Amino acid sequence: MKRMLLLLTALLASHAAVAADRSVTDDAGRTVEIPAAPERIVVLHEPLLGVPIADLGLAPVGSYGRSDDGGTQMSADFYQLVLRDRAPDPMPRGIGALGNMDLEKLRTLEPDLIVGTEHDLEKAEQLSSIAPVYLQNSSTGRVRGFNAEEALAKLLGRETAFAERKTGYLARVDEVRATLPGDPRQQSYLVIFLSDQINAVGEMAGMVQALEDLGYDRLSLERDNTVAGFGATLLVPLSAETFGRLDPDLLVVMNTFGKQARDEAAIRQSLDRIVPGWQHFLKPAREGRILFVDSATVTTPTVASALHMLDAIEAWAKQ
Amino acid sequence: MKRALSSGGRKVLRWNSGLEIRLDTLWAALLLVAAGLGFSGLAINVGATRTGISDFIGLLSGATLNENQLFALLDVRLPRLVLGFMAGWCVAITGAMLQSLSQNPLADPGLLGLSQGAMVTILLLLVFAPAAPIGLVPVVAILGGLGVAVLLIWLTGGGHSDGLAILLMGIAVETVLSSITSIMILYLPPETSFAVSDWLAGSLFQASWGNIAALAPWVALSLPAIILLGRVLSCYDLGEETAMSLGEPVPRSKPVILFTSVLLTSAAVTAVGPLAFLGVMAPHLANALAPATGRARLVLSGLTGGVLVVGADALTRGFAGDIAIPIGLALTLLGVPLFVISMRLRAVLTLQRN
């Protein structure tokens, strides 16, 4: 009996009590008790959550998709590519293999907050035994541009850091707009993401924020009965036929970040494979209104990605 | 209790009450229990936290462990072990039941569409009502599995149909349901389809005492099912006509066996996702250890299923490093070589006897 009591006590004690200083409601509608100023944050998605938090000057201690030594398990190292010299040092450590999260590794990082996307809802209960779990919306249709970074800044008490980043960014928007050949406020844009198919990028990404802050309007695809893409973090699939008829004033094309090669030559190769002869019939390509960018640098919902997009647009405008 | 010879000339242990257990069955069960304990020891030892079986034994005898060790042992490794064994037990027993029912050694919950029925309804719930309470998932899974069972019984003409008809119709239904699953995976947003694909590959990530408590009633149900249906299934093994001539009410017992299979399969699928091929593999491996029928076959199959899942999980967690191997694939990696060896041995022995 005594042993049973000890075992029971041990079982209850294993659910570590975390100092909870305030109560917040996450985007899944869950009420979560979190520390006033979380310091040891683990993120369940590197580009959608880890990079925005690091962009605010808070380095996550753990990040899904990293190895034990902090090296990336993915084909793109988003912290390095997006934040460059502002990337966390040391890099966040891993929490198990991709597709096989390790609860013990996660616990050894001693997190005081775990941040996931709305797609991690089914894991939230399990992870709550380690630290409070906050779920942040990250899908197109639910968040827009770099709204997710702003929401995370509010959650983590980094509003001042975000405001500083945004002020610098808005000044850069004015600078880049002045270099453009025409007024973008009268023009449309569309961003294409090439995986094994053609996808239109939704509303959630720093690059979209940059394009729209410059004044471009997203080309409407509704008349083509294209799937709305609600629930996807980034993409809306497009048929090759629809793609061939597209004529935005600015067409931005990029390769998937699942590939190592994401430069202009690699993007052209992907287009050749999916839509042979595109250079001859795609109007923006024939008229020089096409821009090739590295998806890994511009698709995170961060001010940093928006700034990378402005750099790319400026370089294109000066050609 | 004394050693004796059965009417078939095999060595048995016979109790005064008349209960007798064949010695080879008993040895096989002991071997499986030993293998299960061995794999459990390995599973308790494997993980990022420095703790293991000696700490666990120490804990049981009143030793104090730190929080990380307690978490690793009691919140991660032990629930994984227990849930894996329970799910493997349920799926393997279902496989053995369905093989006797259909008189076909290929039958398993996956082949007859019962797992797919549960999976499709869970997928529909996840996609169209993602905010639905988690507690609804097992109910929906059982409804899906039952739907397929009722459809099979209806399509094959009720309890009067033969085993082959059920098997063939089951394959047809399973194919249709697999297509529906594929279509859903193809057209779901990428993140949802990745999550669904993870689940379809089988996972013990969600192992917790809550999940174990949810699966426990169904595992408990399997015990009276073994006692009540074991004798019935040994009649089915002789063929339906012989079973009827032995007084077995086939039109009544067939739906009961199918219904029990649905309950056990749906509960296991809800807990860990589909465990592909385990329903076929475990009864055959159990049969290779000790050929048995009825209750003994169900118990040996259940033990084999449980041991295979625990072993596959422990080995992959111990040796896969940073490579993610879902439990479905791990089971295939461990079980299929054993399955091939046992089948080959059987073929060689048959050739030698002839």
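Residues numbered from 1 in each chain as written. Chains lettered and ligands numbered in written order. Predicted model: local features only at pLDDT ≥ 70, side-chain atom pairs only at ≥ 80, totals over all residues.

### Looking at helix α3 (residues 67-102) of chain B
Residues and elements named next belong to chain B. For clarity, the threshold we go by: Numbering of helices and strands runs from the N terminus; a helix is a DSSP stretch of H or I covering at least four residues, while a strand is a stretch of E covering at least two. Helices are assigned an expected span. That span is 1.5 Å times one less than the residue count. The angle separating two fitted axes, one through the seven residues that finish at a residue and one through the seven that start at it, defines the bend at that residue. Residues are called buried when their C-beta atom has 20 or more other C-beta atoms within 10 Å, exposed when it has 12 or fewer, and partly exposed otherwise; all C-beta atoms are positioned from the backbone.
The terminal C-alpha atoms of α3 lie 51 Å apart, and with 36 residues this matches the ideal 52 Å at 1.5 Å per residue to within 8%. In the structure, α3 departs most strongly from a straight axis at Leu78, where the bend amounts to approximately 35 degrees and where the proline Pro79 lies between one and four residues downstream. Burial of α3 is extensive: 33 of the 36 residues sit out of reach of the surface. Looking at the residues trailing α3, positive phi occurs at Gln103, about 50 degrees.

### Regarding the confidence of the model for chain A
Residues and elements named next belong to chain A. Where we set the bar: Values of pLDDT, ranging from 0 to 100, describe the predictor's confidence in every residue of the model. In this description, any two residues whose backbone-derived C-beta atoms lie within 7 Å of each other are considered to be in contact.
Residues with a pLDDT of 70 or more make up 89% of chain A, whose mean pLDDT is 86. Predicted confidence in chain A is weakest over helix α1 (residues 2-13), with a mean pLDDT of 50, and strongest over strand β3 (residues 41-43), with 96. In this model, residues 11-19 is a region of pLDDT below 50 whose contacts with residues beyond four sequence positions or in other chains number 14 contacts. In the predicted structure, residues 223-231 sits below a pLDDT of 50 and forms 17 contacts with residues beyond four places in sequence or in another chain.

### A few points about helix α11 (residues 278-289) of chain B
Residues and elements named next belong to chain B. Helix length check: α11, at 12 residues, gives a terminal C-alpha distance of 16 Å against a target of 16 Å (1.5 Å per residue), a fit within 8%. For α11, a buried count of 10 out of 12 residues is recorded, marking the element as mostly surrounded by other parts of the structure. For α11, every residue scored as buried is listed here: Leu278, Gly279, Val280, Met281, Ala282, Pro283, His284, Leu285, Ala286 and Asn287. For α11, the elements touching its buried residues are α3, α12 (294-319) and α13 (327-353).

### Considerations on the confidence of the model for chain B
All names here are of chain B. When pLDDT is averaged along chain B, the result is 85; 95% of the residues meet or exceed 70. Within chain B, no element has a lower average pLDDT than helix α7 (residues 190-200), which sits at 69, and none a higher one than helix α1 (residues 23-45), at 93. Predicted complex, confidence summary: ipTM 0.75, pTM 0.80.

### Some points on the domain arrangement of chain A
All names here are of chain A. Going by this rule: Start and end points for every domain follow an automatic or database-based domain assignment. Residues were grouped as follows: Ala, Val, Leu, Ile, Met, Phe, Trp, Tyr, Cys and Pro as nonpolar; Asp, Glu, Lys and Arg as charged; and all remaining residues, including Gly, as polar.
Per the domain assignment, the segments of chain A are domain 1 (16-138) and domain 2 (182-317). Every contact between the two is made by 12 residues of domain 1 and, on the other side, 15 residues of domain 2. Those elements giving two or more residues to the side of domain 1 that touches domain 2 turn out to be α2 (46-55) and α3 (78-83). For the side of domain 1 that touches domain 2, the residue count by class is nine nonpolar, two polar and one charged.

### What about the sheet that holds strand β2 (residues 11-14) of chain B?
Residue and element names in this part refer to chain B. Where we set the bar: Two strands pair if DSSP finds at least two bridges between them. Note on definitions: angles span 0 to 180 degrees between N-to-C directions of axes, and those axes are lines fitted to C-alpha atoms, for helices only across the stretch in contact.
One open sheet holds the three strands; their spatial order is β1-β2-β3, and the pairing between them is antiparallel. Each edge of the open sheet is held by one strand with a lone partner, namely β1 (2-5) and β3 (20-22). The mean inter-strand angle of the sheet, taken between neighbouring strand axes irrespective of direction, is 35 degrees. Relative to β3, β2 runs antiparallel, the two sharing three bridges. Paired with Arg14 across the two strands is Glu20, which belongs to β3. With respect to the sheet, α1 is in contact with β2 and β3, its orientation differing from that of β3 by roughly 70 degrees.

### Considering unusual backbone geometry
All names here are of chain A. Following Asp89, the chain continues into Pro90 via a peptide bond in cis, with omega recorded as 5 degrees. Inspection of the secondary structure assignment puts Pro90 in the loop between α3 and β5 (96-97). Positive phi, close to 45 degrees, is recorded for Arg84, a residue that is not glycine. Structurally, the position occupied by Arg84 is in the loop between α3 and β5.

### Some remarks on the pairing of strand β13 (residues 250-255) of chain A
Residue and element names in this part refer to chain A. Most of β13 sits out of view: six of its six residues are buried. Taking every second residue as pointing to the same face, both faces of β13 are buried, with Leu250, Val252 and Met254 on one and Leu251, Val253 and Asn255 on the other. As paired strands, strand β9 (residues 188-194) and β13 are joined by six bridges and run parallel to one another. Bridge pairing in β13 links Leu194 to Asn255. In this sheet, strand β14 (residues 290-292) lies alongside β13 in parallel orientation, the contact comprising three bridges. Of the residues in β14, the one forming a bridge with Val253 is Phe292.

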